[in-house]
Amino acid sequence: MMLQVSHSPTVLEQYLLDTIHQAYGMKGKLERLDGYADQNFRLDLADGARFLVKLSRAPITEAEVALMVALESAGDTGFELPRHLRTRDGQASIGLTLDGKVWRLRLLSYLEGTLWAEGLAPSYAQLYTAGENLGLLDRALEQLDAEVLGWPESYTHDWDLSSYTQLVEHAELDGLPYELRESMVECIDFISARESQLSHQLIHNDANDYNLFLLSLTSEFPSGLIDFGDTCQSFAVVELAVAAVYLTDGAADRLEALKQLTLGYQQVRSLTTAEIECLPRFVMLRIIMSRLNYLQARTQRDDDPYVAISQEQIMRQWRAFTAFGLELLTDELIAACYPDEGHVSLAERQVRLAKQGLVQIESSSGEKVGPAALTSDGSFSKLLSEAEDQVCAGESFLAQQDVVLHINVCVTQLEQFADGFTFELHDSRLGDLCLMVHRMVPDQPLPDVEHDAQGIRLLLEGGQKIALTCLWGGVNKSSMRQKRWVDARDWPAMAAAYIDPVLIFGVGTIYGRRNDVSTLIHARQQLLSPTLSHAYLHPLKIVSGDMAYLVAEDGRRYLDMVNNVCHVGHANPRVVEAGAQQMAKLNTNTRYLHDTIVAYSERLLGTLPDHLEVVFLVNSGSEANDLAMRLARQYTKRHDLAVLEHAYHGHLSSLIDISPYKHDGAGGKGTPEHVIKLPFPDTYRGRYRGNDAAERYLADALQTLGDAREQPAALYVESFAGVGGQWIWPAHYIEGLTRHLQKAGTLYIADEVQVGFGRAGSSFWAFEQYAVQPDIVTLGKPIGNGHPIAAVVTTRAIAESFRTGMEYFNTFSGNPVSCAIALAVLEEVQTNNLQKHAQNLGEELKQQLELLATRFPKVGQVRGSGLFVGVEIIKGLSLEPDSQTAKDICHYLRLNGVLLSTDGVDDNVLKIKPPLVIQSQDMEIFLRLLELSFLKYCY
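Because the structure is predicted, anything quoted here is derived from the model rather than measured. (Residues numbered from 1 in each chain as written. Predicted model: local features only at pLDDT ≥ 70, side-chain atom pairs only at ≥ 80, totals over all residues. Heavy atoms only, no water.)

Caption draft 1: Here's a closer look at the pairing of strand β2 (residues 39-45). Among the seven residues of β2, six are classified as buried, and the element is accordingly described as predominantly covered. As paired elements, strand β1 (residues 28-33) and β2 share six bridges and run antiparallel to each other. What sits directly across from G28, in β2, is L45. Across six bridges, β2 lies against strand β3 (residues 50-56) in antiparallel orientation. Across the sheet, the residue bridging to L43 is F51, located in β3. Following β2, the chain reverses through four residues before pairing antiparallel with β3; G48 in that reversal takes a positive phi of roughly 95°. (Buried < 20%, exposed > 50% of the residue type's maximum accessible area, 1.4 Å probe, protein only. Helix = DSSP H or I, 4+ residues; strand = E, 2+ residues; numbered from the N terminus. Pairing = 2+ DSSP bridges.)

Caption draft 2: A look at the side chain of E395. Topologically, E395 is positioned in strand β14 (residues 395-399). The exposure class assigned to E395 is buried, which follows from its relative accessible area of 4%. Within the local environment of E395, its side chain forms a polar contact with the backbone nitrogen of G378, the two atoms lying 3.2 Å apart. Sequence-distant contacts of E395, that is, excluding residues within four places in its chain, are made with S376, D377, G378, S379, F380, I466, A467, L468, D500, P501 and V502. (Polar contact = N/O pair within 3.5 Å; in protein donor to acceptor, adjacent residues only side chain to side chain. Contact = heavy atoms within 4.5 Å.)

Caption draft 3: Quick peek at the packing of aromatic side chains. The final tally for this structure, using the stated rule, is 22 aromatic pairs. Note on F221 and Y892: the rings are 4.7 Å apart at their centroids and 65° apart in plane angle, and the pair reads as edge-to-face. Here the residue F221 occupies a position in the loop between β8 (212-214) and β9 (222-225), and Y892 occupies one in helix α24 (residues 883-895), the gap between them amounting to 671 residues. Grouping residues by exposure puts F221 and Y892 together as buried. Measuring from ring centre to ring centre gives 5.1 Å for F680 and W729, while their planes differ by 75°; the resulting arrangement is edge-to-face. Of this pair, F680 sits in the loop between β29 (675-678) and α19 (693-706) while W729 sits in the loop between β32 (727-728) and α20 (731-743), and the two are 49 residues apart along the sequence. A connected cluster of aromatic rings, assembled from ring pairs, spans Y164, F235 and F282. (Phe/Tyr/Trp six-rings, centres within 6.5 Å; stacked < 30°, edge-to-face > 60°.)

Caption draft 4: Fine view of the pattern of salt bridges. This structure, assessed with the given rule, holds 47 salt bridges. Here R83 ties to E72 by a salt bridge, and the two come within 3.8 Å at their closest N and O atoms. Of this pair, R83 sits in the loop between α2 (61-71) and β4 (94-98) while E72 sits in the loop between α2 and β4, and the two are 11 residues apart along the sequence. One salt bridge connects K259 with E256, and the closest N-O pair in it is separated by 3.3 Å. Pair noted here: K259 and E256 are both in helix α7 (residues 254-268), with a separation of three residues, about one helical turn. No difference in accessibility class separates K259 from E256, as the two residues are buried. A network of salt bridges, in which partner residues are shared, links E31, R42, D44, R50 and E112. (Salt bridge = Lys/Arg side-chain N within 4 Å of Asp/Glu carboxyl O.)

Caption draft 5: Just the sheet that holds strand β30 (residues 714-718), in detail. Taking strand neighbours across the sheet as the criterion, the seven strands line up as β27-β35-β34-β33-β30-β28-β29 in an open arrangement whose pairing is mixed. The two strands at the open ends of the sheet, each matched to only one other strand, are β27 (614-618) and β29. Adjacent strand axes in the sheet meet at a mean angle of 20°, parallel and antiparallel pairs treated alike. In this structure, strand β28 (residues 641-644) lies alongside β30, joined through two bridges in parallel fashion. (Axes fitted to C-alpha atoms, helices over the stretch in contact; angles between N-to-C directions.)

Caption draft 6: Local environment of the packing of helix α14 (residues 573-585) against helix α22 (residues 816-831). For the pair α14 and α22, interaxial distance at closest approach is 8 Å and the crossing angle is 155°. Here α22 runs roughly antiparallel to α14, going by the angle between their axes. α14 and α22 meet at a crossing whose hand is right-handed. Of the residues in α22, those in contact with R574, V575, A578, G579, Q582 and M583 of α14 are P816, V817, A820, I821, A824, V825, E827, E828 and T831. Considered class by class, the residues forming the contact of α14 with α22 number nine nonpolar, three polar and three charged. (Parallel < 35°, antiparallel > 145°, perpendicular 65-115°, else oblique. Left-handed = near helix turned anticlockwise from the far one by under 90°. Nonpolar A, V, L, I, M, F, W, Y, C, P; charged D, E, K, R; others polar.)

Caption draft 7: Summary view of α20. In a regular helix each residue adds 1.5 Å, so 13 residues correspond to 18 Å; α20 covers 18 Å between its end C-alpha atoms and thus fits that length. Among all positions of α20, only Y733, I734, E735, L737, T738 and L741 are buried. In this structure, the buried residues of α20 make contact with β28, β29, α19, β30 and β33 (747-751). Directly beyond the C-terminal end of α20, a positive phi value near 90° is found at G745. (Expected span 1.5 Å × (residues − 1).)

Caption draft 8: Expanded view of helix α16 (residues 621-636). Relative to the 22 Å expected for 16 residues at 1.5 Å per residue, α16 spans 22 Å between its end C-alpha atoms, a close match to the ideal helical length. Among all positions in α16, only G621, S622, A624, N625, L627, A628, M629, L631, A632 and T636 are buried. K637, located one to two residues past α16, shows a positive phi value of around 60°.

Caption draft 9: Local environment of the nonpolar core. In terms of nonpolar packing, the biggest core is built from 136 residues, with L67, F282, L285 and L358 touching the most fellow members. Among the elements that take part in this core, helix α8 (residues 273-300) stands out by supplying 14 residues, more than any other. With near-sequence residues (within four places) excluded, L67 lies in contact with L141, L144, L149, W151, L202, F228 and T231. The next biggest cluster of nonpolar side chains, apart from the first, holds 96 residues, and it includes L608, A766, V825 and L900. (Core = buried A, V, L, I, M, F, W, Y, C linked by side-chain atoms within 4.5 Å.)

Caption draft 10: How the structure looks around unusual backbone geometry. A positive phi angle, near 60°, is found at S381, a position not held by glycine. Tracing the backbone shows S381 in the loop between β12 (374-376) and β13 (390-392). Here S381 falls in the partly exposed class, since its relative accessible area comes to 22%. With a phi close to 60°, M547 is a non-glycine residue in the positive phi region. Relative to the assigned elements, M547 resides in the loop between β24 (542-546) and β25 (549-552).

Caption draft 11: Inspection of the sheet that holds β3 at higher detail. The five strands are arranged β1-β2-β3-β5-β4 in an open sheet whose pairing can be described as antiparallel. Lying at the two open borders of the sheet, with one neighbouring strand each, are β1 and β4. Strand-to-strand twist of the sheet, defined as the mean angle between neighbouring strand axes without regard to direction, takes the value 30°. Examined bridge by bridge, β4 and strand β5 (residues 101-109) share five bridges and lie antiparallel to one another. Paired with L96 across the strands is W103, a residue of β5. α2 rests against β3 and β5 of the sheet, and its axis sits at about 20° to β5.

The structure is reproduced here in structure tokens:
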């Protein structure tokens with residue numbers, strides 16, 4: 001409870017200031033903060049520094065101080081934790097006597113950031129990371145010896161769930177709803193039977209939403225944890241249970257939120273099956289304990305808002321978790337934590353249900369009839385009315401004729417009540433389910449129920465109307481699971497527990513409505529190519545774009561530092577308007593004449609060297625590079641091709657052959673006979689380094705060409721290497737190589753898919769940074785800001801050689817809509833001088849990155865041109881690549897609103913190539929967060 005001191009606040013605070021000055025040599029101002037047992041103040045010094053002042057009278061305070069001091073040198077604790085400032089004589093706390101009572105005074109570091117409770121609704125990534133950090137903290141706490149710290153062996157307090165069996169003796173028990181009391185007894189019995197299998201240690205015991213910090217309002221990174229006042233020796237899994245009660249509140253789906261929090265913890269500190277089984281029960285007991293402590297405190301301090309701060313949340317969580325039922329929560333957690341042991345997840349069960357059904361619709365004679373015989377009003381999960389503010393958790397059906405509903409899975413229990421029936425069902429593939437049948441018209445009789453060897457049948461007469469509610473899991477006596485209508489505010493949290501009643505007939509769609517991230521991942525696995533990947537450990541559901549930003553469904557904005565395809569920004573207004581206007585008029589193929597294709601081609605050629613005179617428009621960079629191959633072979637009458645190691649030129653079969661990034665990687669078959677692979681001139685970590693490295697690489701390349709079976713038709717060169725690690729080629733190497741080959745009649749194909757249109761900064765086209773002229777230039781979807789348009793630009797002679805009698809016709813390449821969009825992109829680049837913008841911003845970015853590289857030993861070479869920049873992450877002076885740290889950096893940035901990814905031969909290069917419309921203030925945000933990530937991972 002809140003401690004009361006007879007000193008008036010003014011007198012007390014002045015006394016504390018005097019004591020702090022004497023003990024710590026500091027002067028400042030105090031501001032009172034909230035507290036449950038301790039008295040807390042913020043100390044503000046004149047220089048802006050802040051500290052937390054804690055005044056404690058708990059008998060465990062000295063042991064708490066010893067514990068926190070021990071954690072200061074315990075290695076990775078997941079969270080930033082408050083650190084004790086030492087007094088002038090080296091003490092972490094000092095004793096005070098106030099009103100004849102002994103207190104302990106401490107000064108702790110003041111954690112900055114946003115309280116979890118004040119941030120946006122928690123995301124799955126945020127919860128997973130919180131679980132990871134709690135696991136790391138518990139691993140550190142597990143190493144501490146409670147006896148050495150002076151922790152009393154028998155010490156307990158009001159929030160210690162190790163004494164869970166004593167809840168039944170609480171004085172306020174009668175104040176709990178009946179359902180909570182019933183659940184409490186069930187949970188106590190369940191845990192008691194498994195208590196010997198639960199590990200026991202020191203735990204923080206209070207990772208709630210007012211003790212956990214995020215870096216910022218929109219951050220998903222749990223950065224700090226305060227308040228060790230409720231620390232105790234308890235079951236380790238209680239740490240997770242306490243966090244689950246408070247941190248999952250507000251998440252779109254409580255079940256998935258609990259799973260992600262648990263999976264994060266499991267990643268660091270493995271949970272046993274017994275601990276997972278007990279976890280939902282401890283969650284429920286923590287809810288009950290909180291409610292009981294609130295009821296007790298209210299009788300003593302009914303005017304103190306602090307004691308009620310979490311009660312609305314607590315009851316909301318009770319309703320949400322109860323809707324799922326403890327058995328279903330347990331099954332889902334075990335399936336998530338041990339996916340290889342044959343447990344079936346709820347998402348997979350949903351798919352099986354849709355294919356199998358639970359109920360067959362038959363005629364009165366037993367023949368199967370179609371779903372048209374039982375029509376639905378589609379009420380499931382719909383708001384009944386704004387006034388009632390309730391959501392239908394079931395659906396009503398009208399029998400168009402006499403029909404029989406044949407339940408074709410095992411019915412383990414049948415109960416009749418005033419308005420209908422409840423069926424407990426079990427199926428080996430689907431698990432336990434609960435089906436409730438309600439009558440819709442008060443004076444209408446209930447359906448007749450027949451039992452026979454084939455199962456249970458419900459007989460409906462034509463015109464009879466019933467409502468069906470179906471839930472995953474067995475029957476739960478709590479009324480929360482048997483509601484036909486749910487408060488609209490509660491529905492999102494518990495919706496996953498309910499089944500769309502249409503699915504029980506084996507019809508309908510699973511993914512037809514709004515789907516959360518976890519459902520979409522499962523849907524992609526079910527419906528789309530198994531080779532389709534997604535970005536990040538916790539993928540994002542993006543619903544809109546805004547220039548340099550992508551916006552997720554929960555409203556979080558992510559600065560996009562890696563999407564070069566949206567060259568002039570996501571949803572760029574000029575581009576959107578151009579496409580919409582032309583789409584509203586006409587879109588057709590190029591066999592019809594239209595102004596846009598010639599207008600765009602003329603504008604495009606105006607940006608290129610004069611010898612490039614002919615444009616072929618296609619739909620993608622891969623199509624462009626494939627067409628360039630055909631042109632080169634036709635013109636030179638040769639077949640073989642030359643490429644650089646680690647190159648990527650597209651995903652068509654012909655281009656996999658000339659993409660070592662693909663054919664030398666997983667699933668590849670190696671370099672084909674017709675492809676000459678030339679050295680990748682890595683002058684930083686490669687075979688040759690130093691001033692003459694480019695010359696030595698060139699000599700090797702010429703030797704390889706000299707040994708080739710024939711001179712190649714073409715040399716493909718990405719003007720800057722993308723997947724190879726954001727490289728700007730040594731000019732001597734590229735110039736010497738291309739001049740040698742062009743003299744031998746080989747065409748030089750400059751692949752500008754990733755780097756054209758001003759991205760290079762100092763030149764409009766990246767190939768212009770070398771003193772050689774390409775014979776063919778290929779462009780990709782950035783020319784249409786991601787719209788499917790690309791191009792091949794070449795000389796008149798090469799284009800004329802393609803006149804073989806076979807027409808090149810690409811149905812919708814160069815269509816009016818694509819060309820209108822491409823014109824808008826070009827106008828955006830030129831009218832806003834985005835090339836110069838890329839040069840200026842890129843130079844400043846490189847300078848700042850190079851300064852950071854001098855401070856952090858794991859940050860290696862910074863390279864690039866304009867807004868095409870790479871940063872090598874290494875393990876130190878050895879220059880050994882550090883892919884894991886690079887990925888950790890990208891994950892940290894993603895959690896804090898910046899999208900970045902890795903590339904390079906060893907996947908250790910941070911690739912930076914944002915939309916060209918990024919602004920300097922955006923770059924400042926990126927650099928600040930990047931520095932924080934370096935502080936965390938790069939020493």
